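# Coordinates in review
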Amino acid sequence: MKILGSGHYVPKTIVSNDDLSKIVDTNDEWISSRTGISTRHISDGEGVSDIASKAAILAMEDANINATDIDMILLATMTPDSMLPNNASIIQKNIGAINATCFDLNAACSGFLFALNTANAYLSSGMCKNILVIGAETLSKIVDWSDRSSCVLFGDGAGAMVVTVDDTKAYYSVSGSDGSKGHVLTGGATLLKNMLVNKDETNIMTDDYYMHMDGQEVFKFAVTKVPECISAVLDKASLGADDIDYYILHQANVRIISSVAKRLGVSPDKLPVNLNKYGNTSAASIPILFDELRKNGTLKDAKRVVFSGFGGGLTWGASLVEL
Ligand code: COA
């Protein structure tokens, strides 16, 4: 599998730590020192399918490919605008990819990695040739804006890649899930409301509609699992940590990223960061960072990168890609 091109789009409105200190009891010093985040972009009306379509168009331009040559659109998101139609199909309509089969996939912040694995499987089987893989979120709609321990962490955004069949480029991946720990990161739950139950409820949103997180548990899980799955993918490829030019990690917390660099024994320069600008954009964070590095020339001479992420589910994964 080869990455032909990439693109990203974030909503225009920037919300700073100082802005958040006006709505919850927090401050810039706490947020910056504990997370590395300074600002995040928040949608003032655009939905996931809008921002994903914009990222997709930029990725197709970068890949120099026509929308009609895309035969699959995979959208990783946990904040779709609707369940029906699936949002990948809305994107298809927006960008004119009339020959694409379209579906959404949800693995929280690991979603983009799982979508990339899915794309690789479709390409390897010969079922598809050019796939648009997108990670996009409007997390602002499930964030509890009165909970200072979580609302400061997240942002909205979209990142996309066009991937194609290339037998000369190796792709290795490892992934996993642990449903028994699902309770440490929850959100988006709605009520079963039909003629048999909850007949009088006017609202289908439950207390668990908004995001709840046990931050310390997630932190411990991330600093263990991410280096573990990166080491596993390196073993699979028979490569050492120094053979990788860049580790493009899910952007959740700068302290998690520093800890991963230490555990892998590589220079922090190999683990670029942009979460200071965007916060945690969940499924979008890896493709947004990849696109920035590609467009600013950082990846010009790079031969191999590793993507790695973790998130609700719990879920995790690492993928080694040859550029
Ligand atoms: N502003 C100011 N104080 C805050 C705060 C905020 N936004 N959020 C929490 N606090 C307070 C807490 O109430 C607590 O106060 P107390 O000691 O008086 O009880 C104190 O800060 C320390 O809280 P704690 O939760 O121990 O902080 P922490 O060092 O663990 O950092 C996180 C919290 C959320 C930044 C950190 O646990 C984390 O990043 N976890 C991973 C989360 C993540 O990545 N989630 C997404 C996964 S995809």
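All figures in this text were calculated on a predicted structure; none of them were measured in a lab.

When helices and strands are counted, the protein shows 10 helices and 13 strands. With the C-alpha coordinates of the protein rotated into their principal frame, the extents come out at 60 × 45 × 35 Å. Split into buried and exposed, the 323 residues of the protein put 55% on the buried side. Within the protein, residue pairs in contact and separated by at least 24 positions form 76% of the contacts whose partners lie at least 6 positions apart.

Take the domain arrangement of the protein next. Split by domain assignment, the protein resolves into domain 1 (2-164) and domain 2 (171-182 + 212-322). A C-alpha centroid distance of 17 Å is found between domain 1 and domain 2. For the pairing of domain 1 and domain 2, the buried interface totals around 3200 Å² over both sides, and the portion due to carbon and sulfur atoms is 59%. Counting the surface domain 1 buries against domain 2, the share from its top three residues, His8, Cys109 and Leu113, is 19%. Our enumeration of links across domain 1 and domain 2 arrives at 1 salt bridge. A salt bridge links Asp62 to Arg294; the nearest nitrogen and oxygen atoms lie 2.7 Å apart. Where domain 1 packs against domain 2, one counts 23 residue pairs in polar contact (both at pLDDT 80 or more). Mapped by element, the contributors of at least two residues to the side of domain 1 that touches domain 2 are β1 (2-9), α2 (28-35), β3 (39-41), α5 (111-124), β6 (130-137), α6 (148-151) and β7 (157-164).

Time to look at the pairing of strand β13 (residues 315-322). The buried fraction of β13 amounts to 7 of the 8 residues, a majority that puts the element mostly inside the structure. Alignment of strand β8 (residues 171-177) against β13, held across 7 bridges, turns out to be antiparallel. When the sheet's bridge partners are listed, Tyr172 is paired in β13 with Leu320. Two strands pair when backbone bridges link them, and strand β12 (residues 304-311) and β13 are joined in this way by 8 bridges, in the antiparallel orientation. Among the inter-strand pairings, Val306 is bridged to a residue of β13, identified as Leu320.

This brings us to the sheet that holds β12. Judged by pairing direction, the sheet is mixed, and its 4 strands sit side by side in the order β8-β13-β12-β11 without closing on themselves. Looking at which strands have only one partner, the edges of the open sheet turn out to be β8 and β11 (246-249). Taking each pair of neighbouring strands and ignoring which way they run, the sheet shows an average axis angle of 10°. For β11 and β12, the ladder comprises 4 bridges, and the chain directions are parallel. If you follow Leu249 over to β12, its bridge partner there is Ser308. Contacting β11 and β12, helix α10 (residues 285-295) runs over the sheet at an angle of about 140° to β11.

Applying the stated criterion to the full structure yields 10 salt bridges. For Glu217, the salt bridge identified is with Lys220, shortest N-O distance 3.0 Å. Taken together, the residues Glu217 and Lys220, both in helix α7 (residues 215-236) and 3 residues apart, mark about one turn of the helix. Lys277 is the partner of Glu292 in a salt bridge, and the nearest nitrogen-oxygen pair spans 3.0 Å. Residue Glu292 is found in helix α10, and its partner Lys277 is found in helix α9 (residues 275-278); the two are separated by 15 residues along the sequence. Given a relative accessible area of 14%, Glu292 falls into the buried group.

Looking now at unusual backbone geometry. Working note: non-glycine residues mostly have negative phi, and peptide bonds are mostly trans. Pro85 follows Leu84 through a cis peptide bond whose omega is -5°. Looking at where Pro85 falls in the secondary structure, it is placed in the loop between β4 (72-76) and α4 (87-95). Following Gly313, the chain continues into Leu314 via a peptide bond in cis, with omega recorded as -10°. You can see Leu314 is positioned in the loop between β12 and β13. A positive phi angle, near 50°, is found at Ala108, a position not held by glycine. Its place among the elements puts Ala108 in the loop between β5 (101-105) and α5. Of note in this structure, Ser238 is not a glycine but carries a positive phi near 55°.

Turning our attention to the side chain of Glu137. For Glu137, the location among the structural elements is in strand β6. Salt bridges are absent for the buried Glu137, whose nearest opposite-charge side chain, Lys141, sits at 8.4 Å. Among the polar contacts made by the side chain of Glu137, one reaches the side chain of Thr77 at a distance of 3.2 Å. Setting aside residues no more than four positions away along its own chain, Glu137 makes contact with Val48, Ile51, Thr77, Met78, Thr79, Ala108, Asp156, Gly157, Thr281, Ser282, Ala283 and Ala284.

To continue, consider the environment of Val254. Among the secondary structure elements, Val254 is positioned in helix α8 (residues 254-264). Residue Val254 is classed as partly exposed on the basis of its relative accessible area, which comes to 27%. Val254 sits 221 residues away from Ser33 along the chain, and the two C-alpha atoms are 9.1 Å apart. Excluding residues within four positions of it along the chain, Val254 makes contact with Thr35, Gly36, Val273 and Leu275.

The rules behind the values
- Residues numbered from 1 in each chain as written.
- Predicted model: local features only at pLDDT ≥ 70, side-chain atom pairs only at ≥ 80, totals over all residues.
- Heavy atoms only, no water.
- Helix = DSSP H or I, 4+ residues; strand = E, 2+ residues; numbered from the N terminus.
- Buried < 20%, exposed > 50% of the residue type's maximum accessible area, 1.4 Å probe, protein only.
- Contact = heavy atoms within 4.5 Å.
- Domains from an automatic or database assignment.
- Buried area = accessible area lost by both parts, 1.4 Å probe.
- Salt bridge = Lys/Arg side-chain N within 4 Å of Asp/Glu carboxyl O.
- Polar contact = N/O pair within 3.5 Å; in protein donor to acceptor, adjacent residues only side chain to side chain.
- Pairing = 2+ DSSP bridges.
- Axes fitted to C-alpha atoms, helices over the stretch in contact; angles between N-to-C directions.
- Lys, Arg positive; Asp, Glu negative; His and termini not counted.

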